[in-house]
Amino acid sequence: MFVRRIGVIGTGYVGLTTGACLASLGHHVVCADVDADKVKRLSAGEVDILEPGLAELVAEGIAAGRLSFVLGASAAVDGAEVVFLCVPTPMGVGGVADLSIVESVLEEVGALLPPGCVVVNKSTVPVGSAQRTAELLDREDVAVVSNPEFLREGSAVHDFLNPDRIVVGCDQQDAAERVAALYARLGAPTVLTDAASAELVKYAANCFLAMKLSYVNAIAELCDRLGADISDVTEGVGYDKRIGQAFLQPGPGWGGSCLPKDTSAMLQLADAADYEFRLIRATIDTNNRQRQRMVEKVRLAVTGKRGGSLSKVRLGLLGLTFKAGTDDLRDSPALAVAALLRQAGAQLVAYDPAVRSGDTRIDEGITVVDDPYVAAEGVQAVVVLTEWPEFRTLDWAKLAAVVARPVVVDTRNLLDPDVVRRAGFEWNGLGRR
Ligand code: NAD
């Protein structure tokens, strides 16, 4: 393995993980961000996102002199042989991927890139972006490679260092091989392809995952209507090796910083290619309905009738992050359901292990408390919205003693219904007998 001098632009979930992990593999990495406070904190080894093992890798990298942090993209490219772009590509107007940050970085660093440098798109960008990047750079001596990232928040370091696959796409074989070589020590299957195919792999994978979740949520709804049990159905389905057990848990709808924007970008991508991608449209529509369906579940559980009023009904929410194991609230289905409950007039008190009271990311309509038993005080129902394992082991008898009515709506099928029932609660899940 050749040790490389690497620049990483953007120090969020993807950029910081990429930088710290590449440093741990022996490369010399300079990470840049526009957030001056963040750069200062990272330089002091302070990591403010919840990712197991990340703070340790950052500290090791700094101590070994292989990892440093600088303000502004241009400061990271000096002498770099490879530059990773790990900046946000949020959902833009009309659902397309907004590439303005990527483009501003390219404008900033274009003339500063050393000859022979390889620019790597690790941000999730639509098909055609590598080509557009090359056009924007307008540098014959700089190659552009697509190398999409598949890490999951909450296990980012583990996923980066133990990838299911590495995908590298470039129309210049030597540049693709240089990027693939950075990961050689990981021993992962590597797909070397053209840039457009690599770009499409990322969207195809995320859309497939979203589709799987929408599908299982639809099957859970059918279970409710037909008197079948979703956990037995998914177990039976998942043993089929062509399907697998992963991503077969029903929930309040998928969310997070990637699936919503990537499904939406895929629709736009297909649209621009004159293909009506009905499967993805239905995947998104099913997801939007799922959130509303959770509200109907709460209505039914609290009022005993469909369409019953939630006006001034106090509810205790367990979970706000988009999934367990992360502090990320972006496009959280828990927050989406909470917003619908508020629209319906409910009063919300919430507890989440990764969100403290006073967190400015939560809008004022939700009272966040630091204790699950306080969140349950005087509520008409406890609503589980995120699958934090610790909710399973709460003292449900203690919760039963503080609620106004012992009703649980478990939108994750997380709890053990027997335990909760023994504590005196009525348990309502998704698609369970
Ligand atoms: P993030 O919001 O966590 O981090 C982005 C970072 O980039 C921030 O620290 C921000 O300050 C910085 N930044 C913004 N503009 C900049 C600029 N001009 N110069 C330097 N730094 C700048 O984002 P993320 O979740 O790491 O996602 C980055 C990309 O990776 C997106 O395209 C996303 O779709 C993709 N991705 C994300 C995940 C994930 O799980 N989060 C997984 C795979 C791929």
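Residues numbered from 1 in each chain as written. Predicted model: local features only at pLDDT ≥ 70, side-chain atom pairs only at ≥ 80, totals over all residues.

## Quick notes on the overall build of the protein
For step 1, the next point in the chain: The helix and strand tally for the protein stands at 15 helices and 14 strands.
For step 2, the next point in the chain: Here the C-alpha coordinates of the protein stretch approximately 70 × 50 × 40 Å along the principal axes.
For step 3, the next point in the chain: Burial analysis of the protein (433 residues in total) assigns 48% to the buried set.
For step 4, the next point in the chain: The contacts of the protein with a sequence gap of at least 6 include a subset with a gap of at least 24, amounting to 70%. (Helix = DSSP H or I, 4+ residues; strand = E, 2+ residues; numbered from the N terminus. Buried ≥ 20, exposed ≤ 12 C-beta atoms within 10 Å, placed from the backbone. Contact = placed C-beta atoms within 7 Å.)

## A word on the nonpolar core
A general trend in soluble globular proteins is that nonpolar side chains are found buried together.
For step 1, the next point in the chain: In this structure, Ile-9, Val-82, Val-83, Val-119 and Val-145 are the most contacted members of the largest nonpolar core, which totals 85 residues.
For step 2, the next point in the chain: It is helix H8 (residues 195–226) that contributes the most residues to this core, 11 residues altogether.
For step 3, the next point in the chain: Two domains each donate at least three residues to this core, and these are domain 1 (5–193) and domain 2 (203–282).
For step 4, the next point in the chain: What Ile-9 contacts, discounting residues up to four positions off in sequence, is Gly-15, Ala-32, Ala-73, Ala-76, Val-83, Phe-84, Leu-85, Cys-86, Val-87 and Val-105. (Core = buried A, V, L, I, M, F, W, Y, C linked by C-beta atoms within 7 Å. Domains from an automatic or database assignment.)

## A few points about the environment of Asp-138
For step 1, the next point in the chain: Tracing the chain through its elements places Asp-138 in the loop between helix H5 (129–137) and strand S6 (143–146).
For step 2, the next point in the chain: On a C-alpha basis, the gap between Asp-138 and Tyr-275 in space is 31 Å, while along the polypeptide they are 137 residues apart.

## Topic: the UniProt feature "active site" (unreviewed entry) in the protein
For step 1, the next point in the chain: As recorded in UniProt, the sites labelled "active site" (unreviewed entry) are Cys-258.
For step 2, the next point in the chain: Relative to the helices and strands, Cys-258 resides in the loop between helix H9 (230–238) and helix H10 (259–272).
For step 3, the next point in the chain: Judged by C-beta crowding, with 24 C-beta atoms within 10 Å, Cys-258 ranks as buried.
For step 4, the next point in the chain: Once residues lying within four places of it in the same chain are set aside, the contact partners of Cys-258 are Thr-124 and Asn-206. (UniProt positions renumbered as here; feature names shortened; annotations may be inferred.)

## Side note on the sheet that holds strand S10 (residues 347–351)
For step 1, the next point in the chain: One open sheet holds the 6 strands; their spatial order is S11-S10-S9-S12-S13-S14, and the pairing between them is parallel. Whereas interior strands pair on both sides, the edge strands pair on one side only; in this sheet they are strand S11 (366–368) and strand S14 (426–428). Within the sheet, the average angular offset between the axes of one strand and its neighbour, ignoring direction, is 25°.
For step 2, the next point in the chain: Two elements, S10 and S11, share 3 bridges in a ladder whose sense is parallel. Within S11, the residue paired with Val-349 across the bridge is Thr-367.
For step 3, the next point in the chain: On the sheet, helix H11 (residues 278–303) packs against strand S9 (314–318), strand S12 (381–384), strand S13 (407–410) and S14 and is oriented at approximately 165° with respect to S13.
For step 4, the next point in the chain: Across the sheet, helix H12 (residues 333–343) is in contact with S9, S10 and S11; its angle to S10 comes to roughly 155°. (Pairing = 2+ DSSP bridges. Axes fitted to C-alpha atoms, helices over the stretch in contact; angles between N-to-C directions.)

## A closer look at the confidence of the model for the protein
For step 1, the next point in the chain: Of the residues in the protein, 100% reach a pLDDT of 70 or more, and the chain-wide mean stands at 97.
For step 2, the next point in the chain: Two summary scores accompany this predicted model of the complex, namely pTM at 0.96 and ipTM at 0.99. (pLDDT = per-residue confidence, 0-100.)

## Here's the deal with the environment of Ala-344
For step 1, the next point in the chain: Within the secondary structure layout, Ala-344 lies in the loop between H12 and S10.
For step 2, the next point in the chain: Separated by 77 residues in sequence, Ala-344 and Arg-421 have C-alpha atoms that sit 27 Å apart.
For step 3, the next point in the chain: When sequence neighbours within four positions are dropped, the list of residues in contact with Ala-344 reads Val-295 and Leu-310.

## Remarks on the domain arrangement of the protein
For step 1, the next point in the chain: Annotation of the protein at the domain level lists domain 1 (5–193), domain 2 (203–282) and domain 3 (285–428).
For step 2, the next point in the chain: Between the C-alpha centres of domain 2 and domain 3 the distance comes to 23 Å.
For step 3, the next point in the chain: In this complex, domain 2 contributes 17 residues to the contact, which on the side of domain 3 involves 21 residues.
For step 4, the next point in the chain: Mapped by element, the contributors of at least two residues to the side of domain 2 that touches domain 3 are H8 and H11.
For step 5, the next point in the chain: Among the elements that line the side of domain 2 that touches domain 3, the one with the most residues is H8, at 4 residues.
For step 6, the next point in the chain: Its residues assigned to classes, the side of domain 2 that touches domain 3 comprises 6 nonpolar, 9 polar and 2 charged. (Nonpolar A, V, L, I, M, F, W, Y, C, P; charged D, E, K, R; others polar.)

## Observations concerning the packing of H8 against H10
For step 1, the next point in the chain: For the pair H8 and H10, the least separation of the axes is 9 Å and the interaxial angle reads 115°. For the pair H8 and H10, the crossing hand works out as left-handed. Across from Tyr-203, Asn-206, Cys-207, Leu-209 and Ala-210 in H8, the residues of H10 making contact are Leu-259, Asp-262, Thr-263, Ala-265, Met-266 and Leu-269.
For step 2, the next point in the chain: Broken down by class, the residue content of the contact of H8 with H10 amounts to 8 nonpolar, 2 polar and 1 charged. (Left-handed = near helix turned anticlockwise from the far one by under 90°.)

## Description of the site of the ligand
For step 1, the next point in the chain: Taken together, 27 residues sit near the ligand, with Gly-10, Gly-12, Val-14, Ser-123 and Thr-124 positioned nearest.
For step 2, the next point in the chain: Elements represented by at least two residues in the shell around the ligand include exactly helix H1 (13–24), strand S2 (28–33) and helix H4 (100–109). (Near = placed C-beta within 6 Å.)

## Section: H1
For step 1, the next point in the chain: Along its 12 residues, H1 runs 16 Å from first to last C-alpha, staying within 8% of the 16 Å computed at 1.5 Å per residue.
For step 2, the next point in the chain: Of all the 12 residues making up H1, 12 are buried; the element is thus mostly covered by neighbouring parts of the structure.
For step 3, the next point in the chain: Within the span of H1, buried status applies to Tyr-13, Val-14, Gly-15, Leu-16, Thr-17, Thr-18, Gly-19, Ala-20, Cys-21, Leu-22, Ala-23 and Ser-24. (Expected span 1.5 Å × (residues − 1).)

## Some thoughts on the pairing of S13
For step 1, the next point in the chain: Two elements, S12 and S13, share 3 bridges in a ladder whose sense is parallel. By the bridge assignment for S13, Val-383 is matched with Val-409.
For step 2, the next point in the chain: Since S12 and S13 lie parallel, the crossover through helix H14 (residues 396–402) that links them has a hand, and here it is right-handed.
For step 3, the next point in the chain: Sheet analysis places S13 next to S14, joined by 3 bridges and oriented parallel. Counted as the bridge partner of Val-409 is Asn-428 from S14.
For step 4, the next point in the chain: For the handedness criterion, the β-α-β arrangement of S13, helix H15 (residues 417–422) and S14 is classed as right-handed. (Right-handed = clockwise from strand over helix to strand, strands pointing away.)

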